[in-house]
Amino acid sequence: MTPCILITGGAGYIGSHTAVTLMEAGHRVVIIDNLCNSSPRVLDRLRRLCGNSFEFVQADVRDGAALDAIFTQHPVNSVIHFAGLKAVGESMAQPLRYFDNNVGSTISLLQAMDRADVRRIVFSSSATVYGDPQQVPIPETAPLKATNPYGRTKLICEDMLRDLQCADPRWQVAILRYFNPVGAHPSGLIGEAPSGVPNNLMPYITQVAVGQRDYLSIFGNDYPTPDGTGVRDYIHVMDLARGHLAALDHLANEQQSITVNLGTGYGVSVKQLVDTFSRVAGRPIAHRHVARRSGDVAACYADTSLARTILGWQAEHDIARMCEDAWRWQSINPTGYAS
Ligand code: NAD
Ligand code: WQD
C-alpha cells in the first residue's frame, strides 16, 4: 500500500492548505480533527480541490484509541501535528484548557506513534517561543522564553520532542517555528476563517474590507520602528505549506532532526500591511490608532538562512500577493465557511 501522511488539525487554517499542497505533490493524506476550531465544510472544499484522495477522521488527538485505529487502518509513515488551540488571550484566561489540549494531544500522539512504530513528525511551533526577542532577525539559536500559557505549551512540546530524540535516536523530528501566516489558497476556496472577533491582523483587515467590521484598531504607533507601528514577518500560507513538504523530504532523506524558522526574513509594519491591502483591494481600510496591546513586541522577524541552507526552501510570495489572496478568499466567502 502507498504510504500516507497523517495530518492532525488538517481541517484548520494551515493544516488545510498543507493538505492541498501534499496531495498536489502526490501524497496520500489522512486528516484527524475534532473540528473544535474549524468547519466540516473545509472537507468539501478540499474535495473540490483534490478529489477524494484523503480520508477524514473526526476525533480528538487526545483519544489514543482513535489514533491506534488510524495507524492500524492506514500505512502512515509520517505525521504533521497542527492540532492545537492558538489564541494567546484565551490561553491567559483558560490556561488549563490550553495545557490539556496542546500538551495532552502531543503526548497522546507521540505515544500512539511509538506504539505504531512511526517516528517521523513535523511539529507546528511558533515564533512566540522567542518571547520579546533581543535581536532581529531572530536566529533559531536565540534564547527561548514563553510570555503566555499558549507560548509555554509550544515550548513544553518542543522540549518533549528534544527529550524524545535524545532518548531514542529513531525519532526524526522537524520543529517548525512559524512567524505570521496569512493569505489563502489562490482558488479562494479555502482560507482563514476565525470564529468570533479575529485576534490577528490580516483577518481583521479583510473583515473590515468586506464590511463586517467598522474599522481596524491599530495597536500602538509609538514603537521604535520606522513608522511607529508593530513590525512582523508575514508569510503566505502556501509558502508555509511548501515548507512542510520540504521538512518531510529532509527527514526522509537526511534522517536528521531539525528546528527551523519559517518566515520571509522581512519585517512589515501594520501601517505598511494596511496600505498594501488597500491598494490591492482597491478600497480604503478604516482604522484608528489606539494604545498598544499588552504583551505585543515592537518587531519580530526571522533569520531564514537555516531554512534556505538545510531545507532548500524560501518564501516566494510578497506582501501584495498575500493581501491579494486573503482578499479573494474573504470577498468570495464574506462569512468564511458559513458563506
Ligand atoms: P486552526 O485553529 O485553524 O487549526 C487547528 C486545528 O486543530 C483546528 O481545525 C481544530 O479544530 C483542531 N484541533 C485543535 N485541538 C484538537 C484536538 N485536541 N484534537 C483534534 N483536533 C484539534 O489553527 P492554525 O492557524 O491552522 O494553526 C495550526 C498550528 O500552527 C497550531 O498548532 C498553532 O498553534 C500553530 N501556529 C499557528 C500560527 C498562526 O498564526 N496561525 C502561528 C504559529 C503557530
Ligand atoms: C500582528 C501585528 C499587532 C490586530 C500572534 C501570536 C503568535 C502567532 C501569530 C501563533 C501586531 C497588530 C493586530 C489588530 C493591530 N500565533 N494588530 N490590530 O501578535 O504577531 O502574533 O499570531 O503562534 O503567537 O502572538 O500577530 O496578527 O495578532 O498582530 O494593530 O486588530 O498587528 O499589534 O503588531 P502577533 P497579530
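The coordinates are above.
Along each chain, the written sequence defines residue order, and numbers are assigned to residues from 1. Chain letters start at A and ligand numbers start at 1, both assigned in the order the entries are written. Totals for whole chains, interfaces and linings use all residues, but because this is a predicted model, local features are given only for residues with pLDDT of at least 70 and pairs of side-chain atoms are given and counted only at 80 or more. Side-chain numbers here rest on the full set of heavy atoms in the structure, without hydrogens or water.

A.B. asks: Would you take a moment to explain the overall build of the protein chain for this structure?
C.D. replies: Scanning the protein chain from N- to C-terminus turns up 11 helices and 14 strands. Since a compact globule built from 339 residues should have a radius of gyration of about 20 Å, the 19 Å found for the protein chain is in line with a globular shape. Along the first, second and third principal axes, the C-alpha set of the protein chain runs to 55 × 45 × 40 Å. Here the term buried applies to any residue with accessible area under 20% of the maximum for its type, exposed to any over 50%, and partly exposed to those in between, with areas from a 1.4 Å probe on protein chains only. Looking at the 339 residues of the protein chain, the share that counts as buried comes to 55%. In the protein chain, once contacts between residues fewer than 6 apart in sequence are set aside, the share between residues at least 24 apart is 80%. To measure how exposed things are, a 1.4 Å probe is used in the Shrake-Rupley method; for residues, cover is taken only from the protein chains shown. Carbon and sulfur atoms provide 49% of the accessible area of the protein chain, an area that totals close to 14300 Å². A distance of 4 Å separates the average location of the 29 positive side-chain charges in the protein chain from that of its 32 negative side-chain charges. Under the scheme used here, helices are H or I runs from DSSP no shorter than 4 residues and strands are E runs no shorter than 2 residues, and both carry numbers assigned from the N terminus. Taken over C-alpha atoms, the radius of gyration is set against a globule rule of 2.2 Å times the number of residues to the power 0.38. In this analysis, two residues are considered to be in contact whenever any of their non-hydrogen atoms come within 4.5 Å of each other. By the counting scheme adopted, Arg and Lys are positive, Glu and Asp are negative, and His together with the chain ends is not counted. Taken as the charge centre is NZ of Lys, CZ of Arg, CG of Asp or CD of Glu, depending on the residue.

A.B. asks: Could you clarify how one ought to interpret the sheet that holds strand β5 (residues 120-126) in this entry?
C.D. replies: The strands that make up a sheet are held in pairs by hydrogen bonds between backbone atoms, and each pair lies either parallel or antiparallel. Pairing between strands is defined by DSSP: at least two bridges between them are needed. Pairing is parallel in the open sheet, where seven strands are placed in the order β3-β2-β1-β4-β5-β6-β11. Pairing within the sheet leaves two strands with one partner each, and these edge strands are β3 (54-58) and β11 (258-262). Strand-to-strand, the axes of this sheet are offset by a mean angle of 20°, without reference to chain direction. Judged from the five bridges that link them, strand β6 (residues 172-178) and β11 form a sheet pairing that is parallel. Paired with L176 across the bridge in β11 is V260. Angles here are taken between N-to-C directions and fall from 0 to 180 degrees, while the axes themselves are lines fitted to C-alpha atoms, restricted in helices to the stretch in contact.

A.B. asks: What exactly am I supposed to notice about helix α5 (residues 95-116) here?
C.D. replies: Residues three or four positions apart in an α-helix share a direction because the helix packs 3.6 residues into each turn. A rise of 1.5 Å per residue sets the reference length of α5, with its 22 residues, at 32 Å; its end C-alpha atoms lie 31 Å apart and thus fit the reference within 8%. The reported bend at a residue is simply the angle between two axes, fitted to the 7 residues ending at it and to the 7 residues beginning with it. A maximum bend of about 25° is found in α5 at G104. Three or more residues of α5 are buried, namely Y98, N101, N102, V103, S105, T106, S108, L109, L110, A112 and M113. Looking at the buried side of α5, the elements it contacts are β1 (4-8), α3 (64-73), β4 (76-81), α4 (88-93), β5 and α6 (149-167). Residue D117 follows α5 closely and has a positive phi angle near 60°. The length a helix should cover is 1.5 Å for every residue beyond the first.

A.B. asks: Please clarify how the site of ligand 1 should be interpreted in this entry.
C.D. replies: A single heavy atom is enough: if one lies within 4 Å of a molecule or strand, its residue is considered near that molecule or strand. Taken together, 28 residues form the shell around ligand 1, and within it I14, D33, N37, S38 and Y150 come nearest. We define a polar contact as two N or O atoms separated by no more than 3.5 Å, with the added condition that, inside protein, one atom must be a possible hydrogen donor and the other a possible acceptor, whereas residues neighbouring each other in sequence contribute only through side-chain atom pairs. Between ligand 1 and D33 there is a distance of 2.6 Å, counted from an oxygen atom to a side-chain nitrogen or oxygen. Between ligand 1 and the protein, one listed contact pairs an oxygen atom with a side-chain N or O atom of S38 at 2.7 Å. In isolation ligand 1 has 820 Å² of accessible area, and contact with the protein removes 96% of it. Secondary structure elements with two or more residues in the shell around ligand 1: α1 (13-24), β5 and α6. Per-element tally for the shell around ligand 1: the top contributor is β5, with three residues. Looking at the shell around ligand 1, its residues break down into 13 nonpolar, 10 polar and five charged. Amino acid classes used here: Ala, Val, Leu, Ile, Met, Phe, Trp, Tyr, Cys and Pro are nonpolar; Asp, Glu, Lys and Arg are charged; the rest, including Gly, are polar.

Nothing here speaks to function; it is geometry throughout.
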